[in-house]
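Working through the structure, step by step
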Amino acid sequence: MIFFEKVYYQLPEAVILTDKTHSIVSLNRKAEEIFEANLGEARGKKIEDLLQCPQLFSLLEETVVLSRPPQLTYENSTLMLDVNGRKRFFKLSIIPVITFQNELELVITTMAEVTVLKEIEQLKTDFIATASHEFRTPLTSISMGISMMKTGKLGEPTPQMQKILDALEEDCDRLLRLAENLLDLSRLESGAIAMEIEEVDVYRMVEAALGTLRLQAEKRDIELQAHLPENLPRIRADLNKAIWVLTNLVANALRYTKEGGSIKVSVYQKGARLFFSVADTGKGIPREYQERIFQKYVQVKEGKKDAAGGAGLGLAIAKDIVEAHGGEIWVNSEPNKGAVFTFSIPVVRG
Amino acid sequence: MGSERKTILLVEDEKNVILAVKTCLEVAEYKVLIVENGEKALERAKGEKPDAIILDLMLPDVNGFQVCQQLKGMEETKDIPIIVLTAKTGEEDKERAWEAGADSYLTKPIRPEQLWQEIQKFVS
Ligand SMILES: Nc1ncnc2c1ncn2[C@@H]1O[C@H](COP(=O)(O)OP(=O)(O)O)[C@@H](O)[C@H]1O
């Protein structure tokens, strides 16, 4: 027994034993550190008198009342505590010990410190944001330089030069898209950009999304049409993010559809949702990819790569955004005939 | 077309960006003045009264928001249109620039046609 007690005392996780009145029965060394109290002082005291943490307290209460482990999620099981004036993060687990008579005897709470992980996560987010911004300055001189040479006003480029300039411009756009996607994703994941839900007029939203892409479609000789029935209700959405999703789906459709093809955007209502779909006549998406394509970094691999692709982040971001609205996104596709991407967003209840 | 060339004051500290933007403006027949920090921007703007100012927000001395505010606060320069051209893409930055009195907000990188169009809105 003494052996086990030693192990328990020295564990790197904090272990806290409480009874059904939430009084401390035992603390190991790491718990003493976090509580800033030794076991002698702490024993018999209520946990809420030792630690200001309503989040933990309500989970313990749930455990005692229901005599079962609480429902833990990523959010509610991560605690932020102020220890000695420093912000520290802990991952929580709570296990009730039940007797044969079905009585709750003890609650074992363990807390594993994840402060360093949290800090690294934050560093990563900050780094990506900075890097993405830093890309913009050199991209400005590169892309402007290319455009200036392409105008011919600095001297007519030879056909070979023209070809190279076109390629450079394409890759420049690709770099920019990458930098933008990374920034958007890191912002979304860090929760730095909150959703700003308002009542959104879908006619305005579709127009804003298509506006910038019409010219591109025209240049590539692709027919781009929108079909919106009259009297569609407003949706509950973050306007800019909803535009982002639709713009991205249409931009993808443009990218993966050959000259002479067509793209159709339609909006329809079913129950309490509006469905936005983007149908193209492009190369389509093989069946085995149709679910995976919404994961980060997943791209359809086949034959030679062209400069069209990015980092496989666009659809992952779109999915994050749509789901944050309480909607869904999916794709139907018959390979080589085209793809239909559809997402839904709840309407404003009248 | 007017007979006199219009003057643009470019406030920017990155030398490669200066080259690109300057070339872009000169091709469109603008006369381009260049300063690389906020203090000189105020001085030059007062002295030369350019037809428009293109202003970066991340300058080595004072930040661009302040420069913008000061330009809009001085009698001699308050009517000169200010076009912000920046790598800052956040909504907060845009908001701050409006508050500081900017007339237009463009993010880097930018296409030459876009820049020409924007300048034409203010300088005719
Ligand atoms: N409309 C489409 N038609 C065919 N393939 C598509 C279409 N949209 C997306 N894809 C495939 O899905 C992959 C992931 O798309 P996305 O997440 O937007 O990233 P990216 O386009 O930047 O690579 C693409 O690389 C492409 O293989």
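In case you missed it, the structure is sitting above this.
The rules we used
- Residues numbered from 1 in each chain as written.
- Chains lettered and ligands numbered in written order.
- Predicted model: local features only at pLDDT ≥ 70, side-chain atom pairs only at ≥ 80, totals over all residues.
- Heavy atoms only, no water.
- Pairing = 2+ DSSP bridges.
- Helix = DSSP H or I, 4+ residues; strand = E, 2+ residues; numbered from the N terminus.
- Axes fitted to C-alpha atoms, helices over the stretch in contact; angles between N-to-C directions.
- Contact = heavy atoms within 4.5 Å.
- Phe/Tyr/Trp six-rings, centres within 6.5 Å; stacked < 30°, edge-to-face > 60°.
- Buried < 20%, exposed > 50% of the residue type's maximum accessible area, 1.4 Å probe, protein only.
- Patch = residues over 30% accessible without salt bridge, like charges linked within 9 Å, V, L, I, M, F, W, Y side chains within 5 Å.
- Areas by Shrake-Rupley, 256 points an atom, 1.4 Å probe, with all protein chains shown as cover.
- Salt bridge = Lys/Arg side-chain N within 4 Å of Asp/Glu carboxyl O.
- Polar contact = N/O pair within 3.5 Å; in protein donor to acceptor, adjacent residues only side chain to side chain.

1. Some remarks on the sheet that holds strand E5 (residues 104-107) of chain B
Residue and element names in this part refer to chain B.
- Read from one edge of the open sheet, five strands run E2-E1-E3-E4-E5, paired in parallel fashion. On the outer flanks of this sheet lie strand E2 (31-35) and E5, each paired with one strand and no other. If you compare each strand with its neighbour and ignore which way they point, the axes differ by 20° on average.
- Bridging between strand E4 (residues 82-86) and E5 involves four bridges; their strand directions are parallel. Along E5, the bridge assignment pairs valine 84 with tyrosine 105.
- The strands that helix H4 (residues 91-99) touches are E4 and E5; relative to E5, the one it contacts most, it runs at about 150°.

2. Digging into the packing of aromatic side chains
Residue and element names in this part refer to chain A.
- Per the stated rule, a full pass over the model turns up five aromatic pairs over all chains.
- Between tyrosine 268 and phenylalanine 275 the ring centres are 5.5 Å apart and the planes differ by 5°, which places this aromatic pair in the stacked class.
- Tyrosine 268 sits in the partly exposed class, given a relative accessible area of 31%.
- Ring geometry for phenylalanine 276 versus phenylalanine 343: centroids 5.0 Å apart, planes at 10°, classification stacked.

3. As for a nonpolar patch on the surface
- A cluster of nonpolar residues, Phe3, Phe4, Val7 and Leu11 of chain A, forms a patch on the protein surface that exposes about 410 Å² of accessible area.
- Considering the arrangement of structural elements, one finds phenylalanine 4 of chain A in helix H1 (residues 2-10).

4. Some words on the environment of threonine 110 of chain A
All names here are of chain A.
- Tracing the backbone through its elements, the reader meets threonine 110 in strand E5 (residues 104-113).
- The spatial distance from the C-alpha of threonine 110 to the C-alpha of leucine 17 is 8.8 Å, given a sequence separation of 93 residues.
- In this structure, threonine 110 is in contact with Ala14, Val15, Lys91, Leu92 and Ser93, ignoring residues within four places of it in sequence.
- A polar contact is formed between the side chain of threonine 110 and the side chain of serine 93, at a distance of 2.6 Å.

5. Structural notes on the pattern of salt bridges
- Applying the stated criterion across every chain, the model contains 24 salt bridges over all chains.
- With its nearest N and O atoms 3.2 Å apart, the salt bridge here joins arginine 136 of chain A to glutamate 180 of chain A. In this pair, arginine 136 of chain A is assigned in helix H6 (residues 115-151) and glutamate 180 of chain A in helix H7 (residues 159-190), connecting sequence segments 44 residues apart.
- For arginine 136 of chain A, a relative accessible area of 4% puts it in the buried group.
- Here glutamate 180 of chain A falls in the partly exposed class, since its relative accessible area comes to 32%.
- For the salt bridge of glutamate 26 of chain B with lysine 22 of chain B, the shortest nitrogen-to-oxygen distance reads 3.4 Å. In this pair, glutamate 26 of chain B and lysine 22 of chain B are both assigned in helix H1 (residues 15-27), four residues apart and thus about one turn of the helix distant.
- Residue glutamate 26 of chain B is classed as partly exposed on the basis of its relative accessible area, which comes to 36%.
- Through salt bridges with shared partners, a single network forms among Lys150, Asp166, Glu169 and Asp173 of chain A together with Arg111 of chain B.

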